[in-house]
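The primary structure of each chain is shown beneath.
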Amino acid sequence: MSQKIITRFPPSPTGPMHIGNVRTALFNYLYAKQNSGDFIVRVEDTDKARSKKEHEEGMLESLEWLGLKRNGELWHQSERTEIYKKYLQKLIDLGKAYISTETEGDPTSPRLRGTWNREVIRFKNPNKQVTFEDLVRGTVGFDTRELGDFIIAKNLEEPLYHLAVVVDDFESGVTHVIRGEDHISNTPRQILLQEAIGAPRPVYAHLPLILASDRSKLSKRKHGESVSLGYYREKGYLPQAILNYMALLGWNPGTDQEIFTLDELIKVFNISKIHKGGAIFDEKKLEWMNKQHINLLSPEEKQKIIAREFDVTSVPVIDKTKVCWKDVSQSETLKHLERAVEIIKNNGDLMAYAIEMGKASPSQSRGRGNVLWPLRYALTGLEKSPDPFTLIAILGVEESIKRVEKVIELLK
Ligand code: GLU
């Protein structure tokens, strides 16, 4: 009997869902589904100071929006303290881990004044060569001697990442660990811990880094908002386009086909065809893909997305007093709308313009709303409506321009 495949997506809820999370979740989902397996989701919230409920909710909502449905219950590491404790105690009893007294502080620092003692739990490293077969990187070898007796818990109640991950993967029967390459150096520690608790070794696949167009590693610090899924949602990208694009970051089907639905991806995805080299994230390509996916929608589907909540197809009734954002003047709003029409006509980057104008405005009315609000309002006449990017995609360029031009006349 062949073993049931179980993959996992274990985000730490310390920030908004970023595009690296999306790709990890997607690859785990695809691999599980194409093997009639399970895709489980676990919230890695042992770091109490940095974990936030709002981020957890954001991540779960993102998975739902993307259509990546998990199997079974949602795991929370914060609810499993007793279980980790048992494993820690067992490791200590077996002499495979020990409580160590550490001296901290710096006797020479005038500010910290002196040193103090603290107890932690360290793993007794068997100091050996660990070799594993990675589905992406091939045979990977590590000499674990350089890791020393690494810390696995602050105390019996506070396990650290490596221990919690190994225990959870074992207890949930995870067979495949598919995650970013930034985790590859964690794998030898986790393998040593698996061996110590008697857990089988899962199959590993470490995905190539996602790079910006200048080939630097995509990071929040350097690339700001554009690393988060929310940024693309706000711009009106469809979930199917985002998934399609992310699937091709680090993998290709080996054919010319570029547009895939999620169901098609489940069929054609091949984990052994993932590349080793970094994958460049190119928003232009995503934008192109989004257009292809919008074209795939039937006119009814296009409208349905929006009409679910908003009536955007009937001709808007405009209240002139509502067009301007906060205290932005009518003449400035007029200028923004005129420029927006030009950008829409030329298929330019509206978001970039909105961000630029948002920064240039006086403090009270800062923000992208400067441009995006009047545009959204002009397109629908509604105070609550989807973002203008979605609206333009749904209404079409011609109808959108017609609506905005009408408001321009009104403001003149
Ligand atoms: N919680 C980790 C993260 O969000 C993932 C751990 C893992 O995949 O083993 O980066």
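What you are looking at is a predicted structure, and each value in this text was computed from that prediction instead of being measured. (Residues numbered from 1 in each chain as written. Predicted model: local features only at pLDDT ≥ 70, side-chain atom pairs only at ≥ 80, totals over all residues. Heavy atoms only, no water.)

Draft legend 1. Representation of the site of the ligand. Within the structure, the ligand sits among R8, P10, P11, S12, E44, Y161, R179 and H183. For the ligand, an oxygen atom lies 3.0 Å from a polar atom in the side chain of H183. Protein chains shield 82% of the accessible area of the ligand, which is 300 Å² for the free molecule. The residue inventory of the shell around the ligand, partitioned by class, reads three nonpolar, two polar and three charged. (Near = heavy atom within 4 Å. Polar contact = N/O pair within 3.5 Å; in protein donor to acceptor, adjacent residues only side chain to side chain. Areas by Shrake-Rupley, 256 points an atom, 1.4 Å probe, with all protein chains shown as cover. Nonpolar A, V, L, I, M, F, W, Y, C, P; charged D, E, K, R; others polar.)

Draft legend 2. Examining the UniProt feature "binding site: ATP" (unreviewed entry) in the protein more closely. In the UniProt entry, the feature "binding site: ATP" (unreviewed entry) is given for K220. Tracing the backbone shows K220 in helix α6 (residues 220-223). We classify K220 as exposed; its relative accessible area is 54%. (UniProt positions renumbered as here; feature names shortened; annotations may be inferred. Helix = DSSP H or I, 4+ residues; strand = E, 2+ residues; numbered from the N terminus. Buried < 20%, exposed > 50% of the residue type's maximum accessible area, 1.4 Å probe, protein only.)

Draft legend 3. Looking closely at the nonpolar core. By size, the foremost hydrophobic cluster in this structure holds 79 residues, and its most contacted members are L26, L68, I242, M246 and F281. One finds L88, V177, I184 and A199 within the second-largest nonpolar core, a separate group that totals 29 residues. (Core = buried A, V, L, I, M, F, W, Y, C linked by side-chain atoms within 4.5 Å.)

Draft legend 4. Region of interest: helix α13 (residues 350-360). Along α13, the residues classified as buried are L350, M351, Y353, A354, M357 and G358. Down the axis of α13, the buried set is contained in an arc of 160 degrees. They therefore lie on one face. Opposite the buried face of α13, by more than 90 degrees, sit the exposed residues K359 and A360. Where α13 is buried, its residues meet α7 (229-234), α12 (330-345), α14 (369-380) and α15 (388-395). Capping the start of α13, D349 holds a side-chain oxygen 3.2 Å from the backbone nitrogen of M351, two or three residues further along. (Arc of directions from axis to C-beta. Contact = heavy atoms within 4.5 Å.)

Draft legend 5. Spatial organisation of unusual backbone geometry. Of note in the backbone geometry, R215 takes a positive phi value of approximately 70 degrees without being a glycine. Its location among the elements puts R215 in the loop between β12 (210-211) and α6. On the accessibility criterion, R215 (51% relative accessible area) is exposed. We note that N347 has phi near 60 degrees; this positive angle belongs to a residue other than glycine. Considering the arrangement of structural elements, one finds N347 in the loop between α12 and α13. On the basis of relative accessibility, which here comes to 51%, the residue N347 falls in the exposed class.

Draft legend 6. Geometry of the sheet that holds strand β4 (residues 97-106). One open sheet accounts for four strands, arranged β4-β5-β8-β9; its pairing is antiparallel. The two strands at the open ends of the sheet, each matched to only one other strand, are β4 and β9 (158-159). Of the pairings in the sheet, the one linking β4 to strand β5 (residues 114-123) comprises 10 bridges and is antiparallel in character. Bridge pairing in β5 links D106 to G114. (Pairing = 2+ DSSP bridges.)

Draft legend 7. Molecular detail of the pattern of salt bridges. Going through the model one piece at a time under the given rule, you end up with 30 salt bridges. For R201, the salt bridge identified is with E195, shortest N-O distance 3.3 Å. Take R201: its relative accessible area is 38%, and that puts it in the partly exposed class. E409 serves as the salt-bridge partner of K412, at 3.6 Å between the closest nitrogen and oxygen. Assigned by exposure class, K412 and E409 land together as exposed. (Salt bridge = Lys/Arg side-chain N within 4 Å of Asp/Glu carboxyl O.)

Draft legend 8. Up close: the environment of I408. Summarising the element assignment, I408 is placed in helix α16 (residues 397-411). Judged by its relative accessible area of 5%, I408 is buried. When the C-alpha positions of I408 and A378 are compared, they lie 8.8 Å apart, and in sequence the two are 30 residues distant. Not counting residues within four places of it along the chain, the set of residues in contact with I408 comprises L334, L337, E338 and V341.

Draft legend 9. Up close: the side chain of N290. For N290, the position within the fold is in helix α10 (residues 283-296). Leaving out residues up to four positions away in the same chain, N290 has contacts with G236, Y237, L238 and A241.

Draft legend 10. Looking closely at the pairing of strand β1 (residues 6-9). Residues I6 and R8 line one face of β1 and the alternating positions T7 and F9 line the opposite face, and both faces are buried. In this sheet, strand β2 (residues 38-43) lies alongside β1 in parallel orientation, the contact comprising four bridges. Across the sheet, the residue bridging to R8 is I40, located in β2. For the crossover from β1 across helix α1 (residues 19-34) to β2, the handedness is right-handed. (Right-handed = clockwise from strand over helix to strand, strands pointing away.)

Draft legend 11. How the structure looks around the packing of aromatic side chains. The full count for this structure, using the stated rule, is 11 aromatic pairs. Geometrically, the ring pair formed by F27 and F269 is tilted, given 5.0 Å between the ring centres and 55 degrees between the ring planes. You can see F27 sitting in helix α1 and its partner F269 sitting in the loop between α9 (262-268) and β13 (279-280), a full 242 residues away along the chain. The same class applies to F27 as to F269, namely buried. An aromatic cluster is built from Y231, Y232, Y237, Y245 and F281, whose rings are joined through pairwise contacts. (Phe/Tyr/Trp six-rings, centres within 6.5 Å; stacked < 30°, edge-to-face > 60°.)

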